[in-house]
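Each chain, written out:
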Amino acid sequence: MPVVRTLTRTVKRVLQSPVCGCQAVTSVRFIGFSPRQVTSDASFHSVSFSEADHPRVLITGGLGQLGVGLAKLLRKRYGNNNVILSDIRKPPDHVFHSGPFIYSDILDYKNLREIVVNNRITWLIHYSALLSAVGEANVPLARAVNITGLHNILDIAAEHGLRLFVPSTIGAFGPTSPRNPTPDLCIQRPRTIYGVSKVHAELMGEYYHYRYGLDFRCLRYPGIISADSQPGGGTTDYAVQIFHDAIKSGRFVCNLKPDTRLPMMYIDDCLRATVEVLEAPAESLTMRTYNINAMSFNPEELAQEVRKHLPELEVAYDVDAVRQAIADSWPMNFDDSNARKDWGWKHEYDLPELVTTMLGYLSPQRLDAQAQAS
Ligand SMILES: NC(=O)C1=CN([C@@H]2O[C@H](COP(=O)(O)OP(=O)(O)OC[C@H]3O[C@@H](n4cnc5c(N)ncnc54)[C@H](O)[C@@H]3O)[C@@H](O)[C@H]2O)C=CC1
Ligand SMILES: CC(=O)[C@H](N)C(=O)O
């Protein structure tokens with residue numbers, strides 16, 4: 001009985017401590033490890049890394065909408081060779097020649113571990129996922145990539161003392177969550193495999209943080225809008241496609257109803273937020289999962305803003321029932337006050353700046369000039 005009492009006391013202590021920071025009690029995947037945090041003595045927003053203390057970063061799922069842009073940003077800060085992009089797809093030439101790229105399937109645990117060890121990785125940014133709409137079209141694959149894959153990532157990060165960033169999403173909320181606005185902490189009962197897997201990621205990451213001292217950091221992104229990378233099959237994709245179609249044909253068919261309001265963000269804000277939370281001193285983080293937001297609009301409002309530049313734009317609606325049901329269960333406005341308070345999050349792009357920037361980027365003259373230069 002004394003043994004049971006001692007064990008009970010130990011477990012209680014672990015569960016009550018805000019950040020465990022302790023040695024792992026049991027090993028993860030058969031291997032003992034002592035969680036080693038990457039030092040974070042740099043001050044937030046003005047961090048500069050010397051050659052000696054820069055992180056060695058691996059980005060999984062790096063060839064999607066967000067990874068290439070993030071690699072570019074991180075390479076500027078930490079050096080080209082210190083940021084490795086990885087994916088299971090073949091990289092286009094310009095990506096392959098822009099910095100280190102490696103094949104990595106997150107479902108292959110041994111291969112992933114080999115990459116982390118051989119490249120002395122210290123930060124892992126886990127972007128691989130199947131997004132909301134493609135996830136509903138292939139639930140077994142989404143479950144494997146988004147849940148089994150995450151388990152591999154968590155174990156490898158814990159085993160090697162990595163700082164781990166995993167993005168979550170507005171899709172981690174559901175119809176029973178408060179939707180206008182949605183705070184960080186509230187009911188989360190999403191009805192997509194994507195959302196379920198992201199709630200699982202949030203909870204598992206936080207559990208590993210408290211249990212093993214894993215330096216887990218997570219932002220819930222809104223729908224991300226970018227000009228030079230295509231979205232990978234989500235519910236918010238319409239807000240990217242409208243720009244391409246407005247410029248190409250002046251006609252856009254929207255798969256969501258005109259009044260479907262969702263939180264959105266321009267990619268530059270999203271990538272900057274990611275770097276900021278990664279560089280934030282651990283003491284500034286009162287939570288490990290934060291909402292971040294920039295703007296909130298519906299298709300009709302977006303079309304109106306685009307028409308200020310392209311008055312001829314015609315928009316028709318052909319609603320996709322699956323995407324509409326998903327969007328109707330997601331937040332309309334996102335409360336990101338904790339991120340603003342704790343680590344100084346501040347977005348730069350509202351709807352007018354977003355539209356001007358996207359149209360400027362995609363203008364035929366600019367695209368022509370880019371094609372001639374490459
Ligand atoms: N783009 C957005 O609007 C938002 C994205 N996020 C999250 O940000 C992360 C990145 O998003 P995106 O770049 O938009 O996603 P994406 O769908 O464009 O790219 C995901 C990448 O994962 C790769 N992948 C799939 N299976 C894999 C496997 N077994 N091993 C390794 N890689 C694999 C794919 O080849 C793809 O390049 C995701 O976790 C997503 O959930 C969250 C909220 C909004
Ligand atoms: C908001 C997201 O997570 C993504 N863009 C999707 O629509 O699935």
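The rules we used
- Residues numbered from 1 in each chain as written.
- Chains lettered and ligands numbered in written order.
- Predicted model: local features only at pLDDT ≥ 70, side-chain atom pairs only at ≥ 80, totals over all residues.
- Heavy atoms only, no water.
- UniProt positions renumbered as here; feature names shortened; annotations may be inferred.
- Near = heavy atom within 4 Å.
- Polar contact = N/O pair within 3.5 Å; in protein donor to acceptor, adjacent residues only side chain to side chain.
- Areas by Shrake-Rupley, 256 points an atom, 1.4 Å probe, with all protein chains shown as cover.
- Nonpolar A, V, L, I, M, F, W, Y, C, P; charged D, E, K, R; others polar.
- Pairing = 2+ DSSP bridges.
- Helix = DSSP H or I, 4+ residues; strand = E, 2+ residues; numbered from the N terminus.
- Axes fitted to C-alpha atoms, helices over the stretch in contact; angles between N-to-C directions.
- Contact = heavy atoms within 4.5 Å.
- Buried < 20%, exposed > 50% of the residue type's maximum accessible area, 1.4 Å probe, protein only.
- Phe/Tyr/Trp six-rings, centres within 6.5 Å; stacked < 30°, edge-to-face > 60°.
- Disulfide = S-S within 2.5 Å.

Going by what an unreviewed UniProt entry lists, the protein is known as L-threonine 3-dehydrogenase, mitochondrial and is assigned to Engystomops pustulosus. Regarding the protein, the relevant UniProt record gives this comment under Pathway (unreviewed entry): "Amino-acid degradation; L-threonine degradation via oxydo-reductase pathway; glycine from L-threonine: step 1/2."

If you check the shell around ligand 2, you find Leu131, Ser132, Thr169, Ile170, Tyr194, Gly223, Gly234, Thr235, Thr236 and Trp330 and nothing else. At a separation of 2.7 Å, an oxygen atom of ligand 2 approaches a polar side-chain atom of Thr169. Between ligand 2 and Thr236 there is a distance of 2.8 Å, counted from a nitrogen atom to a side-chain nitrogen or oxygen. Taking 250 Å² as the accessible area of ligand 2 by itself, protein coverage stands at 94%. Its residues assigned to classes, the shell around ligand 2 shows four nonpolar, six polar and no charged.

For the rest of this paragraph, the subject is the sheet that holds strand 10 (residues 262-266). Read across the open sheet, the three strands follow the order 8-10-12; overall the sheet is mixed. Two strands bound the open sheet, and with one partner strand each, they are strand 8 (223-225) and strand 12 (295-297). Mean inter-strand twist for the sheet, computed between neighbouring axes without regard to direction, equals 45°. As paired elements, strand 8 and strand 10 share three bridges and run parallel to each other. When the sheet's bridge partners are listed, Ile225 is paired in strand 10 with Tyr266. In the packing of helix 8 (residues 238-248) onto the sheet, contacts are made with strand 8, strand 10 and strand 12, and the angle to strand 8 comes to roughly 25°.

Here we come to unusual backbone geometry. What is expected of a backbone is that most residues other than glycine have negative phi and most peptide bonds are trans. Following Asn180, the chain continues into Pro181 via a peptide bond in cis, with omega recorded as 5°. With respect to the helices and strands, the residue Pro181 is situated in the loop between strand 6 (168-169) and helix 7 (193-212). With a phi close to 50°, Arg120 is a non-glycine residue in the positive phi region. Mapped onto the fold, Arg120 is located in the loop between helix 4 (109-118) and strand 4 (123-126). For Arg120, a relative accessible area of 59% translates into the label exposed.

Looking now at the packing of aromatic side chains. Centre-to-centre distance and the angle between the planes together describe a pair of aromatic rings. Counted by the stated rule, this structure contains nine aromatic pairs. When the ring of Phe165 is compared with that of Tyr221, the centres are 6.2 Å apart and the planes differ by 35°; the resulting orientation is tilted. Here Phe165, found in strand 5 (residues 163-165), pairs with Tyr221, found in strand 7 (residues 215-221); they are 56 residues apart in sequence, far enough to count as distant. In terms of burial, Phe165 and Tyr221 fall into one category: buried. Seen in terms of ring centroids, Tyr266 and Tyr349 are 4.5 Å apart; in terms of plane orientation they differ by 50°. Their pairing is tilted.

We now examine the state of the cysteines. Taken as a whole, this structure holds zero disulfides when the rule is applied. Free of any disulfide, Cys218 has its nearest neighbouring cysteine sulfur in Cys270, separated by 12 Å. When its relative accessible area of 2% is taken as the criterion, Cys218 is described as buried.

The UniProt entry lists residues 57-292 under the feature "domain: NAD-dependent epimerase/dehydratase" (unreviewed entry), expressed in the numbering used here. The span residues 57-292 shows a helical share of 41% and a strand share of 18%, and its end C-alpha atoms are spaced 23 Å apart.

Near ligand 1 there are 26 residues, and of these Gln65, Asp87, Arg89, Asp105 and Tyr194 occur at the shortest range. One of the backbone N or O atoms of Tyr127 is found 3.2 Å from an oxygen atom in ligand 1. Residue Ile224 places a main-chain N or O atom 2.9 Å away from an oxygen atom belonging to ligand 1. Taken by itself ligand 1 offers 840 Å² of open surface, and the protein chains cover 93% of this. At the level of secondary structure, the elements contributing two or more residues to the shell around ligand 1 comprise strand 6, helix 7 and strand 8. Looking at the shell around ligand 1, its residues break down into 13 nonpolar, nine polar and four charged.

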